[in-house]
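One-letter residues, chain by chain:
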Amino acid sequence: MKSKRRSVLVLALAAGLPLLAQAEITFRHAVTGETLDFEYAKAGGDTEAFKKFKETGKNPYNGDKAVIEKGHSLYLSACSGCHGHEAEGKIGPGLADDYWTYPRGTMDVGLFEILYGGANGSMGPQYVNLNTDEMLQIMAWIRSAYKGDPAKAEWLK
Ligand code: HEC
């Protein structure tokens, strides 16, 4: 009886492990908290980097100079009109300082959630114009432009 129970336990563990290994982060809308659905994502963004990001919550492009450069030119066409050329703020808030309307933006998961799903007012969801890999590229540039207190840079922790 005892050994039978043990083997049931072993089986349950063996069945559960692959599920744990595949566990992905749940991304939520910055305002409503609803789960973000990647079904609507623009094609081409499901790269190795994005797959890694979904598992770790860390943007693998942070600190990558070549990507940051691409991210900057994407930022200039998609974001700078509202957030300023150096992310100093304009219609929308500055993105290079340590003040966040949505404090989850100090983490890569939170910043991605705001980009993908949008926030309030004219901060619309960006999945229409940008694929998820391009969002990671822009995020890497935003982090590189950071001028706030290094102690508040949660994405580095
Ligand atoms: C049409 C204008 C507009 C465009 C284009 C736009 N934003 Fe915004 N953004 C805003 C506004 C307005 C807010 C404030 C919304 C709020 O408080 O809910 C905002 C908020 C944000 C926030 C939250 C900041 C905080 O302090 O928590 C982030 C991050 C952000 N935008 C990133 C981006 C990025 C990156 C792009 C380009 C991919 C972009 N936005 C494009 C207008 C815009």
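Everything below is about the structure printed above this text.
The shown structure was predicted, so the numbers you read here are calculated from the model rather than taken from an experiment.

**Student:** Any details on the overall build of the protein chain? Residues and values, ideally.
**Tutor:** The helix and strand inventory of the protein chain stands at six helices and zero strands. Every one of the 157 residues in the protein chain was classed for burial, and the buried ones make up 38%. Put simply, 62% of the contacts in the protein chain that link residues at least 6 apart link residues at least 24 apart. For the protein chain, the accessible surface area stands at approximately 9,400 Å², while carbon and sulfur atoms represent 59% of it.

**Student:** Describe the site of the ligand, with residues and values.
**Tutor:** Taken together, 23 residues surround the ligand, and among them C79, C82, H83, Y102 and M123 come closest. T101 is positioned such that a nitrogen or oxygen atom in its backbone is 2.8 Å from an oxygen atom of the ligand. One nitrogen or oxygen atom from the main chain of N120 is found 2.9 Å from an oxygen atom belonging to the ligand. Of the pockets mapped on this structure, the ligand occupies the largest pocket. Counting residues per element, the ones that place at least two in the shell around the ligand are α4 (80-83), α5 (108-117) and α6 (132-144). When residues in the shell around the ligand are grouped by element, the largest group, three residues, is from α5. Considered class by class, the residues forming the shell around the ligand number 17 nonpolar, six polar and no charged.

Cut-offs used in this document
- Residues numbered from 1 in each chain as written.
- Predicted model: local features only at pLDDT ≥ 70, side-chain atom pairs only at ≥ 80, totals over all residues.
- Heavy atoms only, no water.
- Helix = DSSP H or I, 4+ residues; strand = E, 2+ residues; numbered from the N terminus.
- Buried < 20%, exposed > 50% of the residue type's maximum accessible area, 1.4 Å probe, protein only.
- Contact = heavy atoms within 4.5 Å.
- Areas by Shrake-Rupley, 256 points an atom, 1.4 Å probe, with all protein chains shown as cover.
- Near = heavy atom within 4 Å.
- Polar contact = N/O pair within 3.5 Å; in protein donor to acceptor, adjacent residues only side chain to side chain.
- 1 Å grid on protein atoms, 1.4 Å probe; cavity = no way out; pocket = protein on both sides within 12 Å on 5 of 7 lines; lining within 4 Å.
- Sits in = over half its atoms within 2 Å of the grid points.
- Nonpolar A, V, L, I, M, F, W, Y, C, P; charged D, E, K, R; others polar.

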